[in-house]
Amino acid sequence: MKKILIVCALSAELNNIKEIVKNLWLRDIKLSFFTTWMGNYNTILNLTRFLENNSFDFIINIWVCGYKTEKIDAFQVARIYNLANNKELIVPNLIDFLSLQSIACSDKIIFDSLLIWDENFVDMESYAFELVCDSFKIPRIILKIPVDKIWDETKNFDFEKAKKYLNENIDYKLLFEKISIYLENSEDKIDFEMYFKDFNFTFSEKEIFKKLYFRYKSLVWNDFDEYFLENSSLEKKVFLKNLEVFLEKFLIK
């Protein structure tokens, strides 16, 4: 039985998703639901407390977001830029479900599109969600549904439209099918030791390598093993630094 958690910011929207998924008659999946409330700080605090006492095979974060110019039905978050500290997080691309997009994350509601710089989308929880899930090493996906165009529509947010888009813009049956396939395939865990044997990594360096590995898998189409073989003769610190620099050119800026 696969244990999957669905996380939303607000209970009203989570209840709406409950109504959708209960009609899917999912087999071999035990669903749980959790609300974090709005904002990065609430998400960090509440989700951390919850995961300290509950374990899951996969977590889905679904919620709406604002947009600057381009309106699309829904997307899968690949990169998060935190406006509060100018830091980014790369979300592992574990499932090929929706188009991959970058999103800004703000601790405050954004009414001025200039504040998100070159980003087209903005929300208030994705940075914290990814930060917490990464710390617990739990597979996850972040799905966003653009609803309000920054300024007037943000100021007068339409909750009914948000519920409508939550119903119509995501194929929930297909989502769970892809997650099930991923979990079945991931039973054969990645053998990082095959990489570690070439380097005398410390524990912290192993963790850095893993993060860079998943970043590579989410950003680069080429086979990682090919890159590794070409660079495995380097000194370990040089290898890690070069890999980080190499991945920079694939980031959406």
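For the structure itself, look to the data block above.
Reference entry: report on the structure contained in this document.

Rules of the game
- Numbers given to residues run from 1 along each chain, matching the order in which its sequence is written.
- A pLDDT threshold of at least 70 governs which residues receive local features in this predicted model, and a stricter bar of 80 or more applies before side-chain atom pairs are shown or counted, although totals over entire chains, interfaces and linings include all residues.
- Here the side-chain values reflect all heavy atoms present in the structure, with hydrogen atoms and water set aside.
- Lining residues are defined by having an atom within 4 Å of a point belonging to a cavity or pocket. Those points lie on a 1 Å grid over the protein atoms alone, cavities being sets where a 1.4 Å probe fits but cannot get out and pockets being open sets with protein on both sides within 12 Å along at least five of seven lines.
- Grid points are joined across faces, edges and corners, and a volume is the space filled by probe spheres set on the points.
- Helix and strand definitions here come from DSSP, where helices need a minimum of 4 consecutive H or I residues and strands a minimum of 2 consecutive E residues; each element is numbered from the N-terminal end.
- Side-chain classes follow a simple rule in which Ala, Val, Leu, Ile, Met, Phe, Trp, Tyr, Cys and Pro form the nonpolar group, Asp, Glu, Lys and Arg form the charged group, and the remainder, Gly included, forms the polar group.
- Aromatic pairs are defined between Phe, Tyr and Trp rings, using the six-membered ring for Trp, whenever the two ring centres lie within 6.5 Å; interplanar angles under 30 degrees are classed as stacked, those over 60 as edge-to-face, and all others as tilted.
- A simple rule labels every residue: compare its accessible area, found with a 1.4 Å probe on the protein chains alone, to the largest value its type can have, and call it buried under 20%, exposed over 50%, or partly exposed in between.
- Either the NZ atom of lysine or the CZ atom of arginine qualifies as a charge over a ring when it sits within 6 Å of the ring centre and within 35 degrees of the ring normal.
- For a helix, the expected span equals 1.5 Å multiplied by the number of residues minus one.
- As used here, the arc belongs to the directions running from the helix axis to the C-beta atoms.
- Whenever two N or O atoms come within 3.5 Å, that pair is a polar contact, provided that in protein one can donate a hydrogen and the other can accept it, and provided that, for residues adjacent in sequence, both atoms are side-chain atoms.

1. Here we look at the layout of surface pockets
Argument step 1. There is about 1,300 Å³ of room inside the largest pocket.
Argument step 2. As for the largest pocket, its lining consists of 40 residues, and the residues nearest its centre are P92, L94, R140, I190 and F214.
Argument step 3. For the lining of the largest pocket, the secondary structure elements donating two or more residues are β5 (87-90), α3 (126-136), α6 (172-185), α8 (203-219) and α10 (236-248).
Argument step 4. With 10 residues, α8 is the single largest residue contributor to the lining of the largest pocket.
Argument step 5. Class assignment for the residues of the lining of the largest pocket results in 18 nonpolar, four polar and 18 charged.

2. Observations concerning the packing of aromatic side chains
Argument step 1. Overall, the coordinates contain 30 aromatic pairs when judged by the stated rule.
Argument step 2. A centroid spacing of 5.8 Å and a plane angle of 85° characterise the contact between F196 and F201, whose relative ring orientation is edge-to-face.
Argument step 3. The exposure class assigned to F196 is buried, which follows from its relative accessible area of 6%.
Argument step 4. The aromatic ring of F56 is capped on one face by K3, whose charged end is 5.8 Å from the ring centroid.

3. Focus: α10
Argument step 1. Over its 13 residues, α10 extends 19 Å from the first C-alpha to the last, a length consistent with the 18 Å expected when each residue adds 1.5 Å.
Argument step 2. When α10 is considered as a whole, its buried residues turn out to be K236, F239, L240, L243 and L247. Taken around the axis of α10, the buried residues stretch over an arc of 95°, which confines them to a single face.
Argument step 3. By the N-cap criterion, in which a side-chain oxygen at the helix start approaches the backbone nitrogen of a residue two or three places on, α10 is capped by E235, the distance to K237 being 3.0 Å.

4. Considering unusual backbone geometry
Argument step 1. Phi angles above zero are rare outside glycine, and W37 is one such case at about 75°.
Argument step 2. Turning to its location among the elements, W37 is positioned in the loop between β2 (29-35) and α2 (40-52).
Argument step 3. The backbone of K137 shows a phi angle near 60°, a positive value even though the residue is not glycine.
Argument step 4. Along the chain, K137 turns up in the loop between α3 and β8 (140-149).

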